[in-house]
Each structure stands twice: as C-alpha cells, then as structure tokens.
Amino acid sequence: MKQFQYQRASTQQGVLEAISKPGTKIIAGGTNLVDHMKHGLIAPDKLVDITHLPLKGITPTKTGLHLGTLALNSVVSEDALVLQKQPLLSMALKAGASPQLRNMATVGGNMMQRTRCTYFYDTTMPCNKREPGTGCGAMEGYNRMHAIFGASAQCIAVHPSDMCVALAALDATVIVVGKKGQRHIPFTEFHRLPDDHPELDNHLAKDEMIIGVDIPDNNFAKNSYYLKVRDRQSYAFALVSVAAALDLSGGTIKKARLAMGGVAHKPWRLFEAEKFMEGKSVTEETFKQAAQIALQGAKAYEYNAFKLKLAPASIVEALKQASGLA
Amino acid sequence: MEKEKNHSRPVEESDVKDNSRRDFLKKSALMTAVALTPVAAAKAAELHIDERIAGAFEKMPLNVEINGVAHNLMVEPRSTLLDILREQLDLTGTKKGCDLGQCGACTVHVDGHRVNSCLTLGIMVNGKKVTTIEGLAKGNQLHPMQEAFLKHDGFQCGYCTPGQIMSAVACVREGHANSEHEIREYMSGNICRCGAYPNIVNAIQEVKEGGMAI
C-alpha cells in the first residue's frame, strides 16, 4: 500500500475542505477502500477519517426513519426501530458480508462500495471502470457474475450491495452535503448505469459527502422478504437477489415494491412489475406474470445466461415468501 | 526541527493545505543524498532512501490499549492493525490469512466488537481497546472457548483457530449462538480450509449451553 497522509476530521466542514483537494478520499469503515488500496486499484494522497463525526444515529422522524451515514451495518441490522419498521432492510444487511465486516461497514460506505467484478480487481486486465478507455475484460471473458440489465458496451459490472437493494425498494432518500449545502437524492437515482462513463458509480459529486438516508414509513413490515441466491449459503456476493415488499389487504395487493441485486450496475428497481401487481390478488400466477414483466429487456452474456431463469424464479420465490404463500 | 515536530502529531484540519509535504520530504531527502556523491545518490535511490526518510517523518502517534496494556506507539498511517500487532508488538497469535478481509484469520475485538484487523488501519483504533487471542486466557487458565476448542478438536492445522476463537467468543456474546444454523451463519466470516466446521460448531454450542458469562 502506498503511503498517504491521515487526517482525523472533527467537523463536517473539515471533511468538505479536505475532499475539495484532489487525491483525498473519505475513510469510514474502510472495508472496501483499504481492500482497493491493497490491490493497488487506488492510491490516495490523503485519507480523511470521518468516523468521529456525530453521524451514527438511527432516529425516528415525523415521516419515517433516519439512518446516519456512520451507523454500522451490524447496528442497523439489529436496531429495534429498523426491525419494527423496515425488517426488509435488516434482512438485506444480514445477508451481506460477514459479522466482522458488518461491525466495520457503515451505511454510507456500503453505498459507496464498488463492483466486485474480477476484471476490475485484476490490474493486468483491461477495465473501463478502473482505467477508462482500456476496454472491458468481462464482455468476452468469464462473465458469470455480471449484469443482465442496463449494461453498456463499456461495462457489464454489477453493484455488489444487499443493503442498497432494500433501500431502493423502500423509496429511501439519500442526504448529501457539499459546500453549497444539502441536497436530497432519491435512492434509486443515487447510483447510475455505466453508459459511457463506467468509472462513475453514482451521482455523488467529488466534493460532496453522504450524511444519511431517510426511509419513509410504509405498510410493508408484515410482508417483506429479502432473498439472496449465491454460490454458498453465506458470505458470498449475490448471483441474484430480490427485495420484495407488499402492502396487502385481504388477498389483494395494495402496493408492491420490488428490486433486484446482482443484475445491474445499480440496485435494479422493477417499477413495471410493481405496477402490474397493484390491485391483483395474491397468487403464484400474479407473481409469475410480474416476474415475466420484470425480465423484459434482460440480456445475458456467454456465462450468465442462467440468470435469465434464476432471476424470475427468485422474484416469484421472494414474493411468495413475502406474501406468506410459500 | 519545527517541521518534524509538527508532523509527528495527528494531522488536523489546519493542516489541510499542506498537501505536498510528502513530496517535499522525498525531494529534500534525495537532495541531501545528491549533496554527498553521485554514487551515494544512486545508492540512496536504489534503496528507496527517500521513501524511508519520508516514512519516518510520517509516523503518527497511536495510543491504544491492547489486552489491558496501554501502548503509545508511532505508526505509519498505512499500517494495518494486524501488521502493528504482529510486526511491532510481536503479538503473532493473530494470523494473516488472505489479508483482504475474506478469511477471518485476523479477527480481533475492538471495543468488544469483532473486526477484521487486516482491513483496519491501526491509526483508526486510537483511544480504543483491542483484545487479541493472547488476551483471552487469565494467566494459565484458558478461556472457556479455548478449552472447548481443545475438547472438541475444533481445528486441524490451527492457522485459522485464533480468528475462529475470537469470532466464536463474539458470536456467543452477541447472542448469535442459539442454534447450529445460527452459529454457522454468524461464523461464516471465518474460513477453515481443514474443514473443522462441525467440531467448531460443537465447541461453540458447549460454551453457549454452559451458560457461563464469557
């Protein structure tokens, strides 16, 4: 790892000052950043440690729940308010990483984690995300873990987070701050598709920092489920994951929320499938049709064609679990 | 001297503008070498003397309690907690496996919570309490989890064992050892290439069922 300067920030203003200089990166849990530095993917001149800022809280608001950006993944996953109001988020967090990593990883850091595409990690291979213009090693390579939605000719990597899939489904909002003040970004618009700039994972400006996430109250708590399908039972990235949340009235679906992980460059919200389900009755047939709608536009590569079957099957299973049909 | 004094303390916000310090140090170190002889300069470059001098200036104080003992150390910001434990303090019980947060061999407790010490920058545990495998036993009396691993043969080669035990203690303390399934899920961050998993689960279950405060 290349040497760098270390600065312990005590104020938000201090962080903004620091990150306005090129070569400076924020560090919180460090689980992804330190990994990247060890791999030689990045070599910052300076790290600004934000873990001493008072941004750890999980607090109820008038309209929902606020998660401070520094709330640890382990703490959020076991928080009484989260379990009561947003059990889907807890399920997703517990499906991610290991207990040790969840004790280090923060909400904001989880959002900022980068793809686990092996071509991104391998500095001897071309990668437009790591080094724009070098090409995509995965496109013609071993692309088993890669995207089936929203990929571009430059990049077919997927976003690795579980937490983000739940937050995308739950209509969360990201609160960021920069020198010009705060702005709020809908969670589904925080991360971006690769298009012609796969080096950019999200819409956070270089001189901005995440300070928290708001989740609006909803009626999904009773009928939520996070399904993660992976190569081993635990501690592996998703081949496909599904966050399903339903608001049911008798046997009818009043509202539905559906998002997928492991399939796109960002948490993949399935708006069309949600719309289709609203007003329909809770049956396996409804879920199968929703899954079919969800898969419209999906495109596989040489080694990930199995996802075209795994994804709809996972959607049906998650919806069955969420609705109590399973 | 003033310069050296300044830079041996944690960098605060007031130092933000001092971005080229490292470059300055490297250049001045090389210029010193050049002032000697061309041969000395070439040798200095070859040995990365510039890097080493800059590195020495860049060490920062780390005050941390490890296994109940207070330590006042000087560390490079890039040193991980794992490397500081092993290389600076000779606490080699904590193992380096993958060094990338994937295997759990380096698991230690920071303020009572289990973390991967290979992904933890040492400088970031300033003011905290670290417990390693060396800190579990009380004198000659092994920790109940260590006893249970011995009794149940919870290892073969033993390399992952310190991490397994640190994780296992945390697993029970967290309340995540209520069933075999739960233990397996909450121990999934510790890989055992020998495959001693069934025995590890048995050891944890015995400690859990013993009901002892650990």
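Residues numbered from 1 in each chain as written. Chains lettered and ligands numbered in written order. Predicted model: local features only at pLDDT ≥ 70, side-chain atom pairs only at ≥ 80, totals over all residues. Heavy atoms only, no water.

With that settled, the discussion passes to the overall build of chain B. Helix and strand counts for chain B stand at nine helices and five strands. Its helices and strands taken in sequence order, chain B reads α-α-α-α-β-β-α-β-β-β-α-α-α-α from the N to the C terminus. Across the 214 residues in chain B, those meeting the buried criterion constitute 44%. Considering only contacts within chain B whose residues lie at least 6 apart along the sequence, 56% involve residues at least 24 apart. With an accessible surface of roughly 10600 Å², chain B has 54% of that area assigned to carbon and sulfur atoms. (Helix = DSSP H or I, 4+ residues; strand = E, 2+ residues; numbered from the N terminus. Buried < 20%, exposed > 50% of the residue type's maximum accessible area, 1.4 Å probe, protein only. Contact = heavy atoms within 4.5 Å. Areas by Shrake-Rupley, 256 points an atom, 1.4 Å probe, with all protein chains shown as cover.)

Each partner contributes residues to the interface: chain B has 42 residues there, and chain A has 42 residues. In total, chain B and chain A occlude about 3600 Å² of area from one another, counting both sides; carbon and sulfur atoms represent 51% of this. When the shortest N-O distance is used, the salt bridge between Lys38 of chain A and Asp99 of chain B registers 2.9 Å. For the pair chain B and chain A, the interface holds 13 residue pairs in polar contact (both at pLDDT 80 or more). Listed by contribution, the elements that provide at least two residues to the side of chain B that touches chain A are helix H2 (21-36), strand S4 (113-116), helix H7 (161-174) and helix H8 (180-186) of chain B. The dominant element in the side of chain B that touches chain A, judged by the number of residues it contributes, is S4 of chain B, at four residues. Tallied by class, residues from the side of chain B that touches chain A come to 14 nonpolar, 15 polar and 13 charged. (Buried area = accessible area lost by both parts, 1.4 Å probe. Salt bridge = Lys/Arg side-chain N within 4 Å of Asp/Glu carboxyl O. Polar contact = N/O pair within 3.5 Å; in protein donor to acceptor, adjacent residues only side chain to side chain. Nonpolar A, V, L, I, M, F, W, Y, C, P; charged D, E, K, R; others polar.)

The next thing to look at is the environment of Ser234 of chain A. As for its position among the elements, Ser234 of chain A is in the loop between strand S9 (224-229) and strand S10 (240-249). Ser234 of chain A sits 80 residues away from Ser314 of chain A along the chain, and the two C-alpha atoms are 17 Å apart. Dropping the residues within four chain positions of it, Ser234 of chain A is found in contact with Glu185 and Ser188 of chain B. A distance of 2.9 Å separates polar atoms of two side chains, one belonging to Ser234 of chain A and the other to Ser188 of chain B.

Turning next to the sheet that holds S9 of chain A. All names here are of chain A. Read from one edge of the open sheet, four strands run S9-S10-S11-S12, paired in antiparallel fashion. Looking at which strands have only one partner, the edges of the open sheet turn out to be S9 and strand S12 (268-269). Pairing analysis gives six bridges linking S9 to S10, with the strands arranged antiparallel. For Lys228, the partnering residue across the bridge sits in S10 and is Ser241. Packing against the sheet, helix H12 (residues 307-323) makes contact with S9, S10 and strand S11 (252-261), and its axis sits at approximately 35 degrees to S10. (Pairing = 2+ DSSP bridges. Axes fitted to C-alpha atoms, helices over the stretch in contact; angles between N-to-C directions.)

What follows covers the side chain of His159 of chain A. All names here are of chain A. Mapped onto the fold, His159 is located in the loop between helix H8 (118-121) and helix H9 (163-169). Of the polar contacts made by the side chain of His159, one reaches the backbone oxygen of Gln113; its length is 3.3 Å. With residues near it in sequence (within four places) discarded, His159 still touches Asn110, Met111, Gln113, Cys164, His191, Gly262, Ala264, His265 and Lys266.

Here we take up the pattern of salt bridges. In the structure shown here, the tally under the stated rule is 23 salt bridges over all chains. Among the ionic pairs, Asp171 of chain A bridges to Arg269 of chain A, the shortest N-O distance being 2.9 Å. Of this pair, Asp171 of chain A sits in the loop between H9 and strand S6 (173-178) while Arg269 of chain A sits in strand S12; the two residues are 98 residues apart in sequence, bridging distant segments of the chain. Given the relative accessible area of 31%, Asp171 of chain A is considered partly exposed. Here Lys96 of chain B and Asp99 of chain B are joined by a salt bridge, their closest N and O atoms 3.6 Å apart. Assessed through its relative accessible area of 30%, Lys96 of chain B is described here as partly exposed. The network of salt bridges with common partners includes Asp171, Arg257, Arg269, Glu274 and Glu278 of chain A.

It is worth spelling out the domain arrangement of chain B at this point. All names here are of chain B. Here the domain parsing of chain B yields domain 1 (13-57), domain 2 (60-135) and domain 3 (144-210). Once you take the C-alpha centre of each, domain 2 and domain 3 turn out to be 21 Å apart. Contacts between the two partners involve 14 residues from domain 2, matched on the other side by 17 residues from domain 3. By the criterion of area lost to domain 3, the three top residues of domain 2 are His109, Arg114 and Ile133, representing 50% of everything that side buries. Run the count over domain 2 and domain 3 and you get one salt bridge. Of the charged contacts, one joins Arg114 and Glu174 as a salt bridge, the two residues approaching to 2.8 Å between their closest N and O atoms. Run the count over domain 2 and domain 3 and you get eight residue pairs in polar contact (both at pLDDT 80 or more). (Domains from an automatic or database assignment.)

Once that is clear, we can look at the pairing of S11 of chain A. Residues and elements named next belong to chain A. Within S11, seven of the 10 residues are buried, which leaves it mostly tucked inside the rest of the structure. Hairpin remark: S10 followed by S11, antiparallel, with two residues in the connecting loop; positive phi at Gly250, about 60 degrees. Here S11 pairs with S12 via two bridges, running antiparallel. If you follow Ala259 over to S12, its bridge partner there is Arg269.

Residue and element names in this part refer to chain A. In the Ramachandran plot, Ala97 falls in the positive-phi region, its phi being about 55 degrees despite a non-glycine side chain. Looking at where Ala97 falls in the secondary structure, it is placed in the loop between helix H5 (87-95) and helix H6 (99-102). Overall, the relative accessible area of 33% leaves Ala97 in the partly exposed class. Positioned with a positive phi, Tyr235 is a non-glycine residue whose angle comes to about 55 degrees. Following the sequence through the fold, Tyr235 ends up in the loop between S9 and S10. On the accessibility criterion, Tyr235 (9% relative accessible area) is buried.

Attention now goes to the nonpolar core. When a protein is soluble and globular, its nonpolar side chains tend to lie buried together. Formed by 36 residues in total, the largest nonpolar core has its most connected members in Leu67, Val76, Leu89 and Met111 of chain A. Mapped onto this core, the elements with two or more residues apiece are strand S5 (64-68), H5, helix H7 (107-112), H9, S6, strand S8 (209-216) and S10 of chain A. In terms of residue count, H9 of chain A provides more of this core than any other element does, seven residues in total. Ignoring anything within four residues of it in the chain, the contact list for Val76 of chain A reads Ile58, Leu67, Ala71, Val82, Leu89, Leu93 and Val107 of chain A. Among the nonpolar cores identified, the runner-up in size contains 33 residues, and Leu81, Leu121, Ile123 and Val125 of chain B belong to it. (Core = buried A, V, L, I, M, F, W, Y, C linked by side-chain atoms within 4.5 Å.)

With that settled, the discussion passes to the confidence of the model for chain B. Residue and element names in this part refer to chain B. Overall, the predicted model of chain B reaches an average pLDDT of 86, with 75% of residues at or above 70. Considering only residues more than four positions removed or in separate chains, one finds that residues 1-19, a stretch of pLDDT under 50, has 40 contacts. For this predicted complex, the interface score ipTM comes out at 0.97, while the overall pTM is 0.91. (pLDDT = per-residue confidence, 0-100.)

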